[in-house]
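Listed below, chain by chain, are the residues.
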Amino acid sequence: MFRLSRYYSIASLIGMVVIVVGLSLFLRQLAMQMLLAQQTRSNVDLTRSYANAMGGRIDQLVAVSEGLSAEALRQRPEMAVIQRATQAQMKGMNVVKVKVYNLDGMTVFSTEAKQIGEDKRANAGFQSARAGEVLSEIVFRNQFYAMEQVIVDRNLIATYIPIRDSDEGVVKAVFEVYTDVTPLVAKAQKTKTMIVGGVGLALLLLYLFLFLIVRRADRVLGEQDAERRLNEDRIRYQAFHDSLTELPNRNAFGERITDAIGRAQRHGKGGALLFLDLDRFKLINDSLGHDAGDQLLRVTASRIQKCLRETDLAFRLSGDEFTVILEDLDRIECAALAARRILEATASPVSLGDCEVIINLSIGITTFSGKEDDIEALVKEADTAMYRAKAIGHNQYVFYTQEMNTVASERLSMETDLQRALQRGEFLLHYQPKIDAASGALVSVEALLRWNHSTKGIVQPNDFIPLLEDTGMINEVGEWVLMEATRQAQAWIAAGLKPMRMSVNISGKQFRHPTLIGTVRRALEASGLESRYLELELTESMFIDNTERSIEAMHTLKLLGVSLSIDDFGSGYSSLAYLKQFPVDYLKIDRSFIHDLSTNSKDAAITTAISALAHSLNLKLVAEGVEDQAQVDFLGNLGCHELQGFLFSRPVPAQELEALLRSPVSFMAA
Ligand code: C2E
Ligand code: MG
Ligand code: MG
C-alpha cells in the first residue's frame with residue numbers, strides 16, 4: 001500500500017534540510033559580502049586620512065626605496081618615526097596591521113618590521129591596487145602579528161588600496177590595511193544562526209502540522225483500502241460460494257474439478273466425482289415451506305461435509321443438487337465408502353418446526369484418472385448415474401457405467417421426438433371409466449394421455465410426462481389434452497350418450513402456470529361442454545403449495561363450475577390442514593393402498609382412515625386401481641362413492657369407450 005506519511009516525511013525532511021543549509025550558506029555569503037563592502041569603504045577612508053596624517057613621510061619613503069636593499073630600507077632613520085606615528089594614528093581602531101608597497105611590489109613599510117623589504121609583486125591584491133582597483137579579502141588566521149602583540153584565531157579583512165595624489169592621478173604607492181572583524185563576523189554568525197534557527201523552527205512546526213494532517217489522511221486511506229480489500233474478498237467469496245449453505249458453488253466447482261483432474265494426472269492417483277440429489281425435496285419444500293426447505297439444505301450440506309476428508313470438497317450446484325470431489329483414491333471402493341458414509345450421515349431425521357423429516361439422497365458416482373479433458377461429460381456421467389439411482393428406488397448410490405449413456409442418450413432423443421410429437425399429431429387420449437359404487441353405472445371417465453411414437457409405438461405417460469414437465473412442454477401438451485378431452489366429452493353428449501364427467505389430469509407445473517385458468521375457459525368454450533361435466537385431477541403437491549395464488553386459482557376454477565379432485569391421495573407428504581382450505585370435491589385414494597387391501601392390514605387401516613376423513617369433510621371418495629371383487633366389497637363397505645380400475649375397464653381408445661357407453665351393462669355385475 002502507498003504510505004502517504006512515509007513519503008511525506010522523507011520528502012519534507014529532505015526539503016527542510018536543503019532549505020536550512022541553502023539559507024545558511026546564502027546568509028553567510030550575504031553577511032560576508034556586506035561586511036567586506038562596508039569594511040573596504042571604511043579602510044579606504046582610513047587609509048586616506050592616514051596618508052594625509054603621515055604628511056609626506058610615506059611618499060618620501062616610497063620615493064627613496066627604489067634601488068635600496070631590504071636591509072638598507074629597514075635601517076632608514078624615518079622608519080621608527082613612521083612606526084610610532086602609525087601606532088598612534090591607529091590606536092583605538094580595529095586596524096591590526098598597515099603595510100605600504102612601492103610600485104615594484106617591495107614592502108617599504110609594515111607595522112610588523114620584519115616584513116619590510118619583502119617582494120609582493122606577485123600578490124593579486126597588490127596587482128589590483130597597482131592597477132588602480134581597491135581589493136579586499138577576508139581571511140582567517142590562527143596566529144597574527146598585530147601592532148604590538150600576537151593575536152590568535154581572528155577573522156581579518158585585508159584591503160589593498162591604491163594611493164594617488166588626486167582622485168584621477170596616477171597610482172604612486174599601494175597600502176594594505178588589515179582590520180580585525182572577528183566580533184563583526186561573530187555577530188553576523190549569530191544573526192545568521194538566529195534567522196536559520198527561526199526559519200528551521202517554523203518549517204519544523206509546519207512539518208509537524210502537515211504531518212498530523214497527512215497521518216490522518218494516511219489512516220483514512222488505510223481504512224478505505226482495508227474496506228475495499230474486505231469488499232473484494234466478500235465479493236469473491238460470494239461469487240464462489242452458495243449463500244445458503246456456505247458451500248462452494250458452481251463457479252468454484254468448475255475451477256476445482258479442473259484442478260483435481262490436473263492433480264490426478266500429475267500424481268497418477270485417480271479420484272471420483274459424486275453427484276447428489278435430494279429425493280422428493282420439492283415435496284418437502286412445497287409442503288413445509290421454503291424456510292424449512294432451506295433449513296433442510298443447510299443440514300444436508302453440513303452433514304455431507306462432516307463425512308469428508310480434508311482433501312475432499314463438497315459443492316452446491318443448484319436447488320437440491322450437490323457434488324463432491326474425492327481425490328487421491330487408492331481404490332475405487334473408497335468412493336463407494338464415501339457415498340455410503342454420506343447416505344448414513346444424512347439418514348437421521350431432521351426436525352423442521354413441528355415436523356421430522358428424513359433426508360434421502362440419490363448419489364451418482366463417476367471416476368477420473370486425469371486423462372479427462374471434457375468436464376461437462378464427466379459431470380453428465382455422474383448425473384446420469386444419479387438418475388439411475390433415483391430410478392431404482394432412491395437413497396442409493398450408483399456407479400456410472402457405459403450402458404447408462406444409452407439411457408441418457410435415449411432420454412435426449414425422446415426429448416427431441418417429444419418436441420415434434422404435438423405437430424405430428426402423435427398424442428392421443430385413452431379413457432378409463434369410473435363406476436358409481438352403489439349403482440354400477442358409468443358416471444365419469446378419466447382421460448389418460450398416450451404417445452404414439454413413430455418407432456416405439458404407444459409410450460405410457462410415466463415414461464414421458466416427467467420429460468414434458470422438465471422441459472416445460474407440459475403446458476402446451478396439457479392444453480391439447482384439455483381441448484381434446486372436452487371436445488370428446490361434448491361429442492359423446494351430442495351423439496346422444498348419457499352425459500358424464502370428464503376427468504383431466506393436471507400436473508403441478510401446469511397448475512402453477514398463469515395461463516391454466518384461461519386454457520380451461522377456452523376448452524369449455526371451444527367444446528361447448530358444460531363446466532359441471534369437467535373434473536380436474538390435481539396432485540397433493542399442488543395443495544401443499546399453500547400459496548395465496550393456488551387457493552385463488554382453485555376458487556376461480558370452482559366459480560367456473562369445474563369439479564376438483566385430489567389424485568393419488570396419501571402418496572405425498574400429506575399435511576391434512578390443506579383439505580379444509582381448498583374447495584375440492586373428490587378424494588382419489590392412491591392405488592398403492594388399494595392394491596394389497598385384502599392382504600395388508602396397514603393398507604386397509606389407511607384406506608379406512610382416508611374414507612372416514614372424506615366422509616367427515618363431506619368429500620366424495622374415489623378408489624383407483626381396483627382389480628378384484630374383494631377390493632370392491634371392502635370399498636363398498638366403507639361407503640366409497642366411485643371405483644376405477646382394470647376390473648371394470650383398462651384405459652381404452654375413444655371408440656372402445658363409446659361402445660361401452662352404448663351397452664347398458666351394469667359394471668357391478670362384472
Ligand atoms: P393417475 O392419474 O393416477 O392415473 C391412473 C393410472 O393408474 C393410469 O396409468 C391407469 O392406467 C392406472 N390404472 C388404472 N386402473 C388400474 C388398475 O386397476 N391397476 C393398475 N395397476 N393401474 C391402474 P397411466 O395411464 O399410465 O397414467 C399414469 C399417470 O400419468 C397418471 O396417474 C397421471 O398422473 C399421469 N397422466 C396421465 N395422463 C395425463 C395427462 O393428460 N396429464 C397429466 N398431467 N398427467 C397425466
Ligand atoms: Mg388421475
Ligand atoms: Mg391416480
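Rules used throughout
- Residues numbered from 1 in each chain as written.
- Chains lettered and ligands numbered in written order.
- Predicted model: local features only at pLDDT ≥ 70, side-chain atom pairs only at ≥ 80, totals over all residues.
- Heavy atoms only, no water.
- Helix = DSSP H or I, 4+ residues; strand = E, 2+ residues; numbered from the N terminus.
- Rg over C-alpha atoms; globule rule 2.2 N^0.38 Å.
- Buried < 20%, exposed > 50% of the residue type's maximum accessible area, 1.4 Å probe, protein only.
- Contact = heavy atoms within 4.5 Å.
- Areas by Shrake-Rupley, 256 points an atom, 1.4 Å probe, with all protein chains shown as cover.
- Lys, Arg positive; Asp, Glu negative; His and termini not counted.
- Charge placed at Lys NZ, Arg CZ, Asp CG, Glu CD.
- Pairing = 2+ DSSP bridges.
- Axes fitted to C-alpha atoms, helices over the stretch in contact; angles between N-to-C directions.
- Donors = N, O, S within 2.8 Å, 3.2 Å for Na, K, Ca; no water.
- Salt bridge = Lys/Arg side-chain N within 4 Å of Asp/Glu carboxyl O.
- Parallel < 35°, antiparallel > 145°, perpendicular 65-115°, else oblique.
- Near = heavy atom within 4 Å.
- Polar contact = N/O pair within 3.5 Å; in protein donor to acceptor, adjacent residues only side chain to side chain.
- Arc of directions from axis to C-beta.
- Domains from an automatic or database assignment.
- Core = buried A, V, L, I, M, F, W, Y, C linked by side-chain atoms within 4.5 Å.

Observations concerning the overall build of the chain
Looking only at helices and strands, the chain features 23 helices and 21 strands. In terms of overall dimensions, the chain is more spread out than a globule: its C-alpha atoms have a radius of gyration of 59 Å, far above the 26 Å expected for 670 residues. The principal-axis extents of the C-alpha atoms in the chain amount to approximately 180 × 60 × 50 Å. For the chain, with 670 residues in total, the buried portion stands at 45%. Pairs at least 24 residues apart make up 67% of the contacts formed inside the chain by residues separated by at least 6 positions. Accessible surface for the chain amounts to roughly 34000 Å². Of this, 54% is attributable to carbon and sulfur atoms. For the chain, the distance from the average site of its 72 positive side-chain charges to the average site of its 84 negative ones is 12 Å.

Considerations on the sheet that holds strand E12 (residues 397–399)
With mixed pairing, five strands are arranged side by side in an open sheet as E7-E8-E6-E11-E12. The open sheet has two free edges, formed respectively by strand E7 (313–318) and E12, since each of these has just one partner strand. Ignoring which end each strand starts from, the neighbouring axes of this sheet average 20° apart. The strands touched by helix H11 (residues 375–391) within the sheet are strand E6 (271–278), strand E11 (361–368) and E12, with E11 carrying the most contacts at an inclination of about 145°.

Regarding the coordination of the magnesium ion (ligand 2)
Ideal donor angles around a metal are set by the shape: a four-donor tetrahedron calls for 109.5 degrees, a six-donor octahedron for 90 or 180 degrees. The protein atoms that coordinate the magnesium ion (ligand 2) are Glu446 (OE), Asn505 (OD1), Glu537 (OE) and Asp567 (OD), at distances spanning 2.1 to 2.2 Å. Taken in sequence order, the residues that donate to the magnesium ion (ligand 2) follow the motif E-x58-N-x31-E-x29-D. Looking at Asn505, the relative accessible area reads 27%, which means it is partly exposed. According to the relative accessible area criterion, Glu537 is buried, its value standing at 1%.

Some points on the pattern of salt bridges
Side chains bearing opposite charge may pair, as long as their charged atoms lie close to each other. In the structure shown here, the tally under the stated rule is 32 salt bridges. Asp225 serves as the salt-bridge partner of Arg228, at 2.7 Å between the closest nitrogen and oxygen. Note that Arg228 and Asp225 are positioned in helix H6 (residues 182–240) at a spacing of three residues, about one turn of the helix. A relative accessible area of 12% means that Asp225 is categorised as buried. The partner of Arg228 in a salt bridge is Glu232, with the nearest N and O atoms 3.3 Å apart.

Focus on the packing of helix H7 (residues 250–267) against H11
The contact between H7 and H11 brings their axes to 11 Å, and the two run at 100°. Relative to H11, the element H7 is oriented roughly perpendicular. Taken together, the residues of H11 that come into contact with H7 (itself represented by Phe253, Ile257, Thr258 and Ile261) are Ile375, Leu378 and Val379.

A short note on the site of ligand 1
The local shell around ligand 1 holds 25 residues, among which Asn505, Asp567, Arg591, Glu627 and Phe646 are the closest. Arg450 has a polar side-chain atom sitting 3.0 Å from an oxygen atom of ligand 1. The side chain of Asn505 places a nitrogen or oxygen atom 2.9 Å from an oxygen atom of ligand 1. Calculation on ligand 1 without its partners gives an accessible area of 790 Å², and the protein chains cover 87% of this total.

What about the coordination of the magnesium ion (ligand 3)?
Every protein donor of the magnesium ion (ligand 3) is accounted for by Asp567 (OD), Asp568 (OD), Glu624 (OE) and Glu624 (OE), and the metal-donor separations fall at 2.0 to 2.4 Å. All donors to the magnesium ion (ligand 3) come from one chain, and their sequence spacing reads D-D-x55-E.

Focus on helix H2 (residues 57–65)
Along H2, the residues that are buried comprise Ile58, Leu61, Val62 and Ser65. Down the axis of H2, the buried set is contained in an arc of 100°. They therefore lie on one face.

Topic: the domain arrangement of the chain
Each assigned domain of the chain is listed with its residue range as follows: domain 1 (28–187), domain 2 (250–400) and domain 3 (434–445 + 485–669). Placing a centre on the C-alpha atoms of domain 1 and another on those of domain 2 gives a separation of 110 Å.

What about the nonpolar core?
Grouped together as the largest cluster of nonpolar side chains are 76 residues, with contacts concentrated most on Trp492 and Leu536. Take this core: its biggest share by element is seven residues, from helix H14 (residues 474–494). Residues contacting Leu536, with those up to four places away along its chain left out, are Leu482, Val504, Ile506, Val520, Leu557, Val562, Ser563, Leu564 and Ser565. In terms of nonpolar packing, the next biggest core, distinct from the first, is built from 33 residues, Ala272, Leu274, Cys307 and Leu329 among them.

Digging into the sheet that holds strand E3 (residues 135–145)
Working definition: the strands of a sheet are paired by backbone hydrogen bonds and lie parallel or antiparallel to each other. Pairing is antiparallel in the open sheet, where five strands are placed in the order E2-E1-E5-E4-E3. The sheet is open, and its two edges are formed by strand E2 (107–110) and E3, each paired on a single side. Averaged over all pairs of adjacent strands, the angle between strand axes in this sheet comes to 25°, irrespective of strand direction. Bridge count between strand E1 (residues 95–101) and strand E5 (residues 171–180): six bridges; the pairing is antiparallel.

Observations concerning the environment of Asp167
For Asp167, the location among the structural elements is in the loop between strand E4 (150–164) and E5. Linking Asp167 and Leu244, residues 77 residues apart in sequence, is a C-alpha distance of 107 Å.

So, the pairing of E6
Most of E6 sits out of view: eight of its eight residues are buried. Summarising the sheet, E6 and E11 pair through eight bridges and their orientation is antiparallel. For Gly271, the partnering residue across the bridge sits in E11 and is Phe368. For E6 and strand E8 (residues 321–326), the ladder comprises six bridges, and the chain directions are antiparallel. Directly across from Asp277, in E8, lies its bridge partner Glu321.

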